[in-house]
Amino acid sequence: MAENKENQYSGQLPENEAGPGMRGGMRKEQPSGTGITGCLRQDSAWLDQKLATDRNFDVVTRTIEVGGREATLYFIDGFCKDDLLQKLLQYFMDMKARDMPGDAGQLLKKSLPYIEVDQEREWEKITSSVLSGIFVLLIDGYREAVLIDARSYPARGVEEPEKDKVLRGSKDGFVETVVFNTALIRRRIRDTDLRMEMMSAGQSSKTDIVLCYMDSRVDHDFLEKIKEKIRNIRVDSLTMNQESLAECLVPGRWWNPFPKFKYTERPDTAAAQVLEGNVILLVDNSPSAMVLPTTIFDVVEEADDYYFPPITGTYLRLTRFIISLLTYLMTPTFLLLMDNPHWIPEGFSFILLKEPPNIPLIWQFLILELAIDGLRLAAVNTPNMLSTPLSVMAALVLGEFSVNSGWFSSEVMLYMAFVAIANYTQANYELGYALKFMRMTTLVLTAIFGIWGYAGGLLISVLCMCCNKTLSHRSYLYPLFPLNWKKLKNRLIRRRLPGARQE
């Protein structure tokens, strides 16, 4: 008796009374097949149960009369344009029975004054449309739902990205709304050859992914491979946006730190890559574009190389290459020379340590490598109002006080400061950490095995780059390896635009 009474007040039936179409004591409406039946009461009941409209406060339903027929409107609160929705409701309510078409297709052609409309019968696509922000209208007697795309996503302005800043050039950047990002690329490439293909991935998230490419310039075999990889993604959601997608596209070789993708938040950089025949992947909810395929030379290139005259752009590019190489070689080379001071020429004897270290040099370098990353993480999480005083405190503690206390040698602090600052000469985080991991590996091998460890560290770094293939299965070092001198010159030297010379 007590159990029956409890079920009575909970709205559930006893398990022994649950008949067909009931599971767990709760009645669930089942659709007839996989599509709309045309009976509004049955269709709306199933969609109400599927969307849990009684528990989801942001799933809004509205029952109205359209041309003498009962209809139900579904949409997500926060995605709709209120003024447009009000006009559409007023239009539908003013329709007369004699003006009502016989099916959804005729309604779209003759009676719905809006641009982005469609019709759909499959329940899976209908529910996905509602959850992505599209208005869905079910009309009694219609075997298709009317889809009205009047979404308005919450979005920020297209201001210049914090990471990909330039000294000269456009100041707009990608945002988290994929439609805005495609518009920024379309604004720069007004060509009928430009393609924007929409796909999705993630069983729960159904994240939108846009492939952007030039149809006459792209490698179609490579393009089909990328599409097939996206279709075969079997994950619940792309939680971390483009990083989750990258891990799905390249499931193996996690041990190689050198990046297989180039990320950019700049529309001009993305447009330039599209024009060069590459594929751009835009992921909804992410302000970054993924460039495919990517070599080491693509990663190091930046927009500033092209916003200045050729000679200045060449200087900036070569400077970036040289400094990136120095950030890897400086500390292992210094450690090797300190272990073998007789190798140092007389004119460079000033680089020798002035005082014997209290802590072995290898431990000083490794501690400072970790400390620098700790400072980066602290800077990200530090409130703006405290950033200045904490920066001064960190500079004093890790600078003068750490040397005076005997923990670190002043020469070690100097070289590690150069490495920490020089890492920001190129904007790619993944490449910066790849060089860091290779530098730490070479440091440890040099401290243990001397000159042979130093050579082994260099060999490991070269092998990591040589074994790292692009997604198109080309060499990561192309056009250096295999050598293509003409293309290598274009990679190292910033040339004039084709056709810029006047005959």
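Residues numbered from 1 in each chain as written. Predicted model: local features only at pLDDT ≥ 70, side-chain atom pairs only at ≥ 80, totals over all residues. Heavy atoms only, no water.

1. Concerning unusual backbone geometry
Thought 1: The omega torsion of the bond from Leu292 to Pro293 falls at -15°, within 30 degrees of zero and hence cis.
Thought 2: Cis geometry is found at the peptide bond from Phe481 to Pro482, where omega equals -5°.
Thought 3: Located in the positive-phi region is Lys206, a residue other than glycine, with phi close to 45°.
Thought 4: Secondary-structure assignment places Lys206 in the loop between strand E8 (194-201) and strand E9 (207-214).
Thought 5: One non-glycine residue, Asn241, lies in the positive phi region at around 55°. (Helix = DSSP H or I, 4+ residues; strand = E, 2+ residues; numbered from the N terminus.)

2. A short note on the pattern of salt bridges
Thought 1: For the structure shown, the criterion picks out 22 salt bridges.
Thought 2: In this structure, the salt-bridge partner of Arg195 is Asp215, at a minimum N-O distance of 3.8 Å. In this pair, Arg195 sits in strand E8 while Asp215 sits in the loop between E9 and helix H7 (220-231), placing the two residues 20 residues apart along the sequence.
Thought 3: Judged by its relative accessible area of 26%, Asp215 falls in the partly exposed class.
Thought 4: A single network of salt bridges, built from pairs that share partners, joins Asp298, Glu301, Glu302, Asp305, Arg317, Arg320 and Arg491. (Salt bridge = Lys/Arg side-chain N within 4 Å of Asp/Glu carboxyl O. Buried < 20%, exposed > 50% of the residue type's maximum accessible area, 1.4 Å probe, protein only.)

3. Observations regarding a positive patch on the surface
Thought 1: On the surface, Arg474, Lys486, Lys487 and Arg495 cluster together into a patch of positive charge.
Thought 2: With a relative accessible area of 41%, Arg474 lands in the partly exposed category. (Patch = residues over 30% accessible without salt bridge, like charges linked within 9 Å, V, L, I, M, F, W, Y side chains within 5 Å. Areas by Shrake-Rupley, 256 points an atom, 1.4 Å probe, with all protein chains shown as cover. Lys, Arg positive; Asp, Glu negative; His and termini not counted. Charge placed at Lys NZ, Arg CZ, Asp CG, Glu CD.)

4. Here's the deal with the packing of helix H6 (residues 178-188) against helix H9 (residues 267-275)
Thought 1: At a minimum axis separation of 9 Å, H6 and H9 run at an interaxial angle of 65°. For the crossing formed where H6 meets H9, the hand is right-handed. Taken together, the residues of H9 that come into contact with H6 (itself represented by Leu184, Ile185 and Arg188) are Pro267, Asp268, Ala270 and Ala271.
Thought 2: Grouping the amino acids of the contact of H6 with H9 by side-chain chemistry returns 5 nonpolar, no polar and 2 charged. (Axes fitted to C-alpha atoms, helices over the stretch in contact; angles between N-to-C directions. Left-handed = near helix turned anticlockwise from the far one by under 90°. Contact = heavy atoms within 4.5 Å. Nonpolar A, V, L, I, M, F, W, Y, C, P; charged D, E, K, R; others polar.)

5. Observations concerning the sheet that holds E9
Thought 1: Ordered in space as E8-E9-E11-E12-E10, the 5 strands form an open sheet in which the pairing is antiparallel. In this open sheet, the two edge strands, each paired with only one partner strand, are E8 and strand E10 (262-264). On average, adjacent strands in this sheet sit at an angle of 25° to one another, irrespective of strand direction.
Thought 2: In this sheet, E9 lies alongside E8 in antiparallel orientation, the contact comprising 8 bridges. (Pairing = 2+ DSSP bridges.)

6. As for a nonpolar patch on the surface
Thought 1: A surface patch of nonpolar side chains, about 690 Å² in accessible area, is lined by Trp343, Val444, Ile448, Phe449, Ile451 and Trp452.
Thought 2: Looking at the nonpolar patch, the elements that each hand over two or more residues are helix H15 (429-449) and helix H16 (451-466).
Thought 3: When residues in the nonpolar patch are grouped by element, the largest group, 3 residues, is from H15.
Thought 4: Inspection of the secondary structure assignment puts Trp343 in the loop between helix H11 (310-339) and helix H12 (361-381).
Thought 5: Judged by relative accessible area, which is 40%, Trp343 ranks as partly exposed.

7. Remarks on the confidence of the model for the protein
Thought 1: For the protein, the average pLDDT comes to 87, and 91% of its residues sit at 70 or higher.
Thought 2: Low pLDDT, under 50, characterises residues 1-30; the predicted model gives this stretch 19 contacts beyond four residues in sequence or across chains. (pLDDT = per-residue confidence, 0-100.)

8. Regarding the sheet that holds strand E7 (residues 145-148)
Thought 1: An order of E3-E4-E6-E7-E5 is seen for the 5 strands of this open sheet, with the pairing classed as antiparallel. Whereas interior strands pair on both sides, the edge strands pair on one side only; in this sheet they are strand E3 (59-66) and strand E5 (117-120). When the angles between neighbouring strand axes are averaged without regard to direction, this sheet yields 25°.
Thought 2: Bridge analysis of strand E6 (residues 135-139) against E7 gives 3 bridges, and the strand direction is antiparallel. Among the inter-strand pairings, Phe135 is bridged to a residue of E7, identified as Ile148.
Thought 3: With respect to the sheet, helix H2 (residues 40-51) is in contact with E3, strand E4 (69-76) and E6, its orientation differing from that of E4 by roughly 15°.
Thought 4: Set on the sheet, helix H3 (residues 82-94) makes contact with E3, E4, E6 and E7; between it and E3 the angle comes to about 30°.

9. Some remarks on the packing of aromatic side chains
Each aromatic ring pair is specified by the distance between its two centres and by the angle formed by the two planes.
Thought 1: By the definition in use, this model includes 11 aromatic pairs.
Thought 2: Centroid distance Phe261 to Tyr263: 6.4 Å. Interplanar angle 40°. Geometry classified as tilted. Residue Phe261 shares its accessibility class with Tyr263, and that shared class is buried.
Thought 3: Three or more aromatic residues link up through ring pairs in this structure, and these residues are Phe334, Phe365 and Tyr415.
Thought 4: Stacked on the ring of Tyr433, the Lys or Arg Arg376 has its end atom at 5.7 Å from the ring centre.
Thought 5: Geometry around Tyr478 places Arg474 over its ring, the cationic atom sitting 4.1 Å from the centre. (Phe/Tyr/Trp six-rings, centres within 6.5 Å; stacked < 30°, edge-to-face > 60°. Lys NZ or Arg CZ within 6 Å of the ring centre and 35° of its normal.)

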